[in-house]
Amino acid sequence: MSIRRARVVATAALAALALTLGACAEETGSGGDTGSGGNPSGTIKEGLKVTFLPKQVNNPYFDTSDNQGGKPAVEEFKGQYAQTGPSEASPSAQVSYINTLSQQGTDVIIIAANDRDAVCGSLTEAKAAGAKIVTYDSDTKPECRDAFVNQATSAGIAQAQIKLISDAVGPEGGEIAILSATANATNQNAWIELMKTELAKPEYSKLKLVATVYGDDQDEKSFQEAQGLLSKYPNLKGIISPTTVGIAAAARYLSGSSYKGKVQLTGLGTPNQMREYVKDGTVKAFALWNPADLGYLAAYTGAALASGIITGKEGETFTAGKLGEFTLGANGEVLLGDPFEFTASNIDQFNF
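Residues numbered from 1 in each chain as written. Predicted model: local features only at pLDDT ≥ 70, side-chain atom pairs only at ≥ 80, totals over all residues. Heavy atoms only, no water.

What follows concerns the sheet that holds strand 4 (residues 80-83). Strand pairing in a sheet is mediated by backbone hydrogen bonds. Such pairs are either parallel or antiparallel. Overall, parallel pairing links the six strands, which are arranged 4-3-5-6-7-15 in an open sheet. Strands with a single pairing partner mark the edges of an open sheet, and in this sheet they are strand 4 and strand 15 (333-335). Going across the sheet, the axis of each strand differs from the next one's by a mean of 20°, ignoring polarity. With four bridges joining them, strand 3 (residues 49-53) and strand 5 (residues 108-111) adopt parallel strand pairing. Counted as the bridge partner of F52 is I110 from strand 5. Where helix 1 (residues 60-76) meets the sheet, its contacts fall on strand 3, strand 4 and strand 6 (132-136), and the angle it forms with strand 4 comes to roughly 170°. Sitting on the sheet, helix 9 (residues 291-306) is in contact with strand 3, strand 5, strand 6, strand 7 (147-150) and strand 15, with an inclination near 160° to strand 6. (Pairing = 2+ DSSP bridges. Helix = DSSP H or I, 4+ residues; strand = E, 2+ residues; numbered from the N terminus. Axes fitted to C-alpha atoms, helices over the stretch in contact; angles between N-to-C directions. Contact = heavy atoms within 4.5 Å.)

Applying the stated criterion across every chain yields a total of 12 salt bridges. Between D117 and K141 there is a salt bridge, with the nearest N and O atoms lying 3.4 Å from each other. Of this pair, D117 sits in the loop between strand 5 and helix 3 (120-128) while K141 sits in the loop between strand 6 and strand 7, and the two are 24 residues apart along the sequence. Look at D117 and you get partly exposed, because its relative accessible area is 43%. For K141, a relative accessible area of 31% corresponds to the partly exposed category. In this structure, E198 and K201 form a salt bridge, with 3.0 Å as the shortest nitrogen-oxygen distance. Given a relative accessible area of 5%, E198 falls into the buried group. Relative accessible area serves as the criterion here: at 30%, K201 is assigned to the partly exposed category. Here the residues in one salt-bridge network are R275, K279 and D348, joined through shared partners. (Salt bridge = Lys/Arg side-chain N within 4 Å of Asp/Glu carboxyl O. Buried < 20%, exposed > 50% of the residue type's maximum accessible area, 1.4 Å probe, protein only.)

Under the 1.5 Å per step criterion, the end-to-end length of helix 7 (residues 244-255) is 16 Å for 12 residues, consistent within 8% with the ideal 16 Å. Taken residue by residue, helix 7 has T244, V245, G246, I247, A248, A249, A250, A251, Y253 and L254 as its buried positions. (Expected span 1.5 Å × (residues − 1).)

Let's shift gears to the environment of G228. Along the chain, G228 falls in helix 6 (residues 219-232). On the basis of relative accessibility, which here comes to 33%, the residue G228 falls in the partly exposed class.

Counting 85 residues, the largest nonpolar core has I110, Y136, L229, W289, L297 and F318 as its most contacted members. In terms of residue count, helix 9 provides more of this core than any other element does, 10 residues in total. The next biggest cluster of nonpolar side chains, apart from the first, holds 11 residues, and it includes I98, I111, V119 and L123. (Core = buried A, V, L, I, M, F, W, Y, C linked by side-chain atoms within 4.5 Å.)

Judged by pairing direction, the sheet is parallel, and its four strands sit side by side in the order 9-8-10-11 without closing on themselves. Looking at strand neighbours, the two that pair on one side only are strand 9 (207-214) and strand 11 (264-267), the edges of this open sheet. Direction aside, neighbouring strands of the sheet carry axes that sit 25° apart on average. As judged from the four bridges shared by strand 10 (residues 236-241) and strand 11, these two strands associate in the parallel manner. Bridge assignment links I240 to a residue of strand 11, and that residue is T266. In the packing of helix 7 onto the sheet, contacts are made with strand 8 (174-180), strand 10 and strand 11, and the angle to strand 11 comes to roughly 165°.

Right, let's talk about the state of the cysteines for a bit. Under the counting rule described, the total for this entry stands at one disulfide. Across a sulfur-sulfur distance of 2.0 Å, C120 and C144 are joined as a disulfide pair. Between C120 and C144, the S-S torsion sits near 105°, and that sign places the bridge as right-handed. Residue C120 is found in helix 3, and its partner C144 is found in the loop between strand 6 and strand 7; the two are separated by 24 residues along the sequence. For the pair C120 and C144, a shared accessibility class is recorded, and that class is buried. (Disulfide = S-S within 2.5 Å.)

In terms of burial, strand 10 is largely enclosed, as five of its six residues are buried. Pairing geometry for strand 8 and strand 10, over four bridges, is parallel. Looking at strand 10, one finds that A177 is bridged to I239. Each parallel crossover has a hand, and for strand 10 linked through helix 7 to strand 11 it is right-handed. (Right-handed = clockwise from strand over helix to strand, strands pointing away.)

For the rest of this paragraph, the subject is the confidence of the model for the chain. On average, the chain scores 89 in pLDDT, and the residues at 70 or more come to 90%. Counting contacts from residues 1-35, a segment whose pLDDT is below 50, to residues more than four positions away or on other chains yields 120 contacts. (pLDDT = per-residue confidence, 0-100.)

With that out of the way, let us pick up the environment of T51. Tracing the sequence through the fold places T51 in strand 3. When the C-alpha positions of T51 and T106 are compared, they lie 7.2 Å apart, and in sequence the two are 55 residues distant. Beyond its immediate sequence surroundings of up to four residues, T51 is in contact with A82, T84, L101, T106, V108, I109 and I110.

Laid out in structure tokens, this is it:
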């Protein structure tokens, strides 16, 4: 697959990109809602309390999506913005935060789920209490939320990353490994399974996946896992890290080791994290969407739900500020855009 060059959002000189996790389509929208449809000509209510619950706080990716994307959006429609969440990304760490937000009467909870199942009970209770639930970055079961704002299709991300590592390693191929986030991360696991499917294609027959390891989206653990891969697999030719924390940690390890230039690295990262490693030759190319736009779109999706403009049904439309009009797909999914490849020739054009 060739990676399409996505549109550039002029206001921030950033690239908007993404794809959608494919979930099983249902005739109704998310959560099995069979009630009346939304009001596309309606307006967003003022004063909505909108809280972002990322996988973990103090994570550069979520700081960008929430504080640089979600917050400006909430301010535009005159709502009340907040971000809260655990300091570590574990399956059950978000549950107590969901319960607290529900008790506080939060209108919109926007969550990047650490686990597809672990948060469902609390989210269902929050929905029953009147909150609108929007997932972004990593989804839950469809019945546990009202809409899912997806940065990328699972297949698209898988294809992009396998193509990138293949190009970086070269025609001779060799052993490759995956450095993921947490073992329970919905999006990571979906991408990994589809990467395995992609690797089964004839054009990638010379690439051999020898290991998948987990850095738990912790910098030091991801660094150690990258180090461990090279110790255990001395013939390793490449690493794919589909997580911003993991790819930056792996790049830091490779850049200071004898493997620099010999072991290729790609995955999903932010330009500011990866700039020095692209420029020093540790990484040839990597991909991502614009996380600020992801947070911005998630905020407007939640506001449209809370204002009755949409209900989560397939085919409904709404306008998300500067990003324009969006249409809900199957299971209440909203797609941000297209993937973008960052290289030494364009990385200085971006600042996030």
